[in-house]
Amino acid sequence: MQAKQLLLNNLSANIITLITDYHMSDHYLAQMKGKILSDYPNSTIIDIVHQIPIDDISKAAFHLASIYKSFPIGTIHIVSIKNHYDIDPKYIVFAYQGYYFLGPDNGVFSLVFDEFEHFDIYQIDFEGISVFDAASHYTHSITFIRQGLPMEEIGPALSVPTILTPLQPVSSYFQTRVIITHIDGYGNAITNLKFEEFERVRQGRKFRLFYNPHDPISEISVSYAQVEYGEVLAQFNNDGYLELAVNNGNAAQQLHLKLGDTIQIDFVP
């Protein structure tokens, strides 16, 4: 059983996902892929999302949180965003739940994982590589991961990683205020409210969700087809977050919603 699991991990380590702020009109993404494939020609590189705004660490974290568990155990997830955030940027590597994560120490991973500051995190330490050569830092770490070597050999433990505080819903007994944190390619407006938090505050009560001041939503839908074409609905998506959508429409455009907008939910007896 142990040998089978080791084989699975080694095969899965051939899968490398990429989340970056590299622009498709430049050569940087191709340069990184070329470096990985030159060192590991049997790699399967999966593009998750690119062209993330350079300072939008929250968006990168959102995508990582949404996808990392969908891949086989042993997959290597690279989040290469805002690499040059400091005069002397640090690149880190860590393992969690059988997956491996690589990226700059800029707080992005702390927005994905609770208690991240207590993880065993290692700074990638490879003499002769420029701190601005992100690809070489990643391939250096991949070598150790694929050979099953101890993470400690990649570099020293990082005792104080960069920690960011994610925006949380603001709740009282009568009301919850949430923020739109992502608008997907279909125009669905996804908020930072998880189903568990909604139910904790709701306590079985009725509610009114105000995406505008005059026409609140008073029920949670389980599918788009639960409302008529062109009607607005609220549902919890596959990742457990509350989203506003329009059946066969674009909620962001039709409802004039944008990132950072506040959605208010009132609870009534």
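Caption draft 1: Fine view of the overall build of the chain. Of the regular secondary structure elements, the chain holds 6 helices and 13 strands. Relative to its 269 residues, the chain shows a buried fraction of 47%. Long-range pairs, those at least 24 residues apart, make up 66% of the contacts in the chain with a sequence separation of at least 6. Accessible area for the chain stands at about 14200 Å²; split by element, carbon and sulfur atoms hold 52% of it. Positive and negative side-chain charges in the chain, numbering 16 and 30 respectively, have mean positions lying 7 Å apart.

Caption draft 2: Quick look at the sheet that holds strand 3 (residues 76-80). Spatially, 6 strands are ordered 2-1-3-5-4-6 in an open sheet, and the strand pairing comes out mixed. Each edge of the sheet is formed by a strand with only one pairing partner; in this case those strands are strand 2 (44-49) and strand 6 (122-123). Pairing of strand 4 (residues 91-96) with strand 6 involves 2 bridges; the strand directions are antiparallel. Among the inter-strand pairings, isoleucine 92 is bridged to a residue of strand 6, identified as glutamine 123.

Caption draft 3: Quick peek at the layout of surface pockets. Quantified by volume, the largest pocket comes out at close to 1000 Å³. Lining the largest pocket are 33 residues, and of these Ala65, Leu111, Val112, Pro166 and Tyr241 lie nearest its centre. Secondary-structure elements contributing two or more residues to the lining of the largest pocket are helix 3 (57-67), strand 8 (175-183) and strand 9 (189-194). For the lining of the largest pocket, the element with the most residues is helix 3, which contributes 6 residues. For the lining of the largest pocket, the per-class residue count stands at 16 nonpolar, 10 polar and 7 charged.

Caption draft 4: Expanded view of the packing of aromatic side chains. Under the counting rule described, the total for this entry stands at 21 aromatic pairs. Considering the side-chain rings of tyrosine 68 and phenylalanine 101, the 5.6 Å spacing of their centres and the 75° angle between planes classify their relative orientation as edge-to-face. Residue tyrosine 68 is located in the loop between helix 3 and strand 3, and its partner phenylalanine 101 is located in strand 5 (residues 99-104); the two are separated by 33 residues in the primary sequence. Given a relative accessible area of 5%, tyrosine 68 falls into the buried group. Above the face of the tyrosine 241 ring, lysine 194 is positioned so that its terminal group lies 4.5 Å from the ring centre. Just above the ring of tyrosine 173 sits the side chain of arginine 205; from NZ or CZ to the centre is 4.0 Å.

Caption draft 5: A look at helix 2 (residues 28-39). Across its 12 residues, helix 2 extends 17 Å between first and last C-alpha, which sits within 8% of the 16 Å expected from 1.5 Å per residue. Within the sequence span of helix 2, burial applies to Leu29, Met32 and Ile36. Looking straight down helix 2, one finds its buried side chains confined to an arc of 70°; they lie on one side. Facing away from the buried side of helix 2, by more than 90 degrees, are the exposed residues Ala30 and Ser38. For helix 2, the elements touching its buried residues are strand 1 (15-20), strand 2, strand 3 and helix 4 (134-146).

Caption draft 6: Examining the side chain of histidine 182 more closely. Checked against the element boundaries, histidine 182 lands in strand 8. In this structure histidine 182 comes out as buried when scored by relative accessible area, which is 7%.

Caption draft 7: Fine view of the pairing of strand 4. Strand direction decides the pairing type here: strand 4 and strand 5, joined by 6 bridges, are antiparallel. Each bridged residue has a counterpart across the sheet, and for tyrosine 91 the counterpart in strand 5 is proline 104. What sits between the antiparallel neighbours strand 4 and strand 5 is a turn of 2 residues, in which glutamine 97 has the positive phi angle 55°.

Caption draft 8: Local environment of the pairing of strand 11 (residues 232-236). Most of strand 11 sits inside the fold, with 5 of its 5 residues counted as buried. Here strand 11 shows two buried faces, one formed by Val232, Ala234 and Phe236 and the other by Leu233 and Gln235. Pairing of strand 11 with strand 12 (residues 241-246) involves 5 bridges; the strand directions are antiparallel. Counted as the bridge partner of phenylalanine 236 is leucine 242 from strand 12. Between the antiparallel neighbours strand 11 and strand 12 lie 4 residues, among them glycine 240 with a positive phi of about 90°.

The rules behind each value
- Residues numbered from 1 in each chain as written.
- Predicted model: local features only at pLDDT ≥ 70, side-chain atom pairs only at ≥ 80, totals over all residues.
- Heavy atoms only, no water.
- Helix = DSSP H or I, 4+ residues; strand = E, 2+ residues; numbered from the N terminus.
- Buried < 20%, exposed > 50% of the residue type's maximum accessible area, 1.4 Å probe, protein only.
- Contact = heavy atoms within 4.5 Å.
- Areas by Shrake-Rupley, 256 points an atom, 1.4 Å probe, with all protein chains shown as cover.
- Lys, Arg positive; Asp, Glu negative; His and termini not counted.
- Charge placed at Lys NZ, Arg CZ, Asp CG, Glu CD.
- Pairing = 2+ DSSP bridges.
- 1 Å grid on protein atoms, 1.4 Å probe; cavity = no way out; pocket = protein on both sides within 12 Å on 5 of 7 lines; lining within 4 Å.
- Points joined across faces, edges and corners; volume = space filled by probe spheres on them.
- Nonpolar A, V, L, I, M, F, W, Y, C, P; charged D, E, K, R; others polar.
- Phe/Tyr/Trp six-rings, centres within 6.5 Å; stacked < 30°, edge-to-face > 60°.
- Lys NZ or Arg CZ within 6 Å of the ring centre and 35° of its normal.
- Expected span 1.5 Å × (residues − 1).
- Arc of directions from axis to C-beta.

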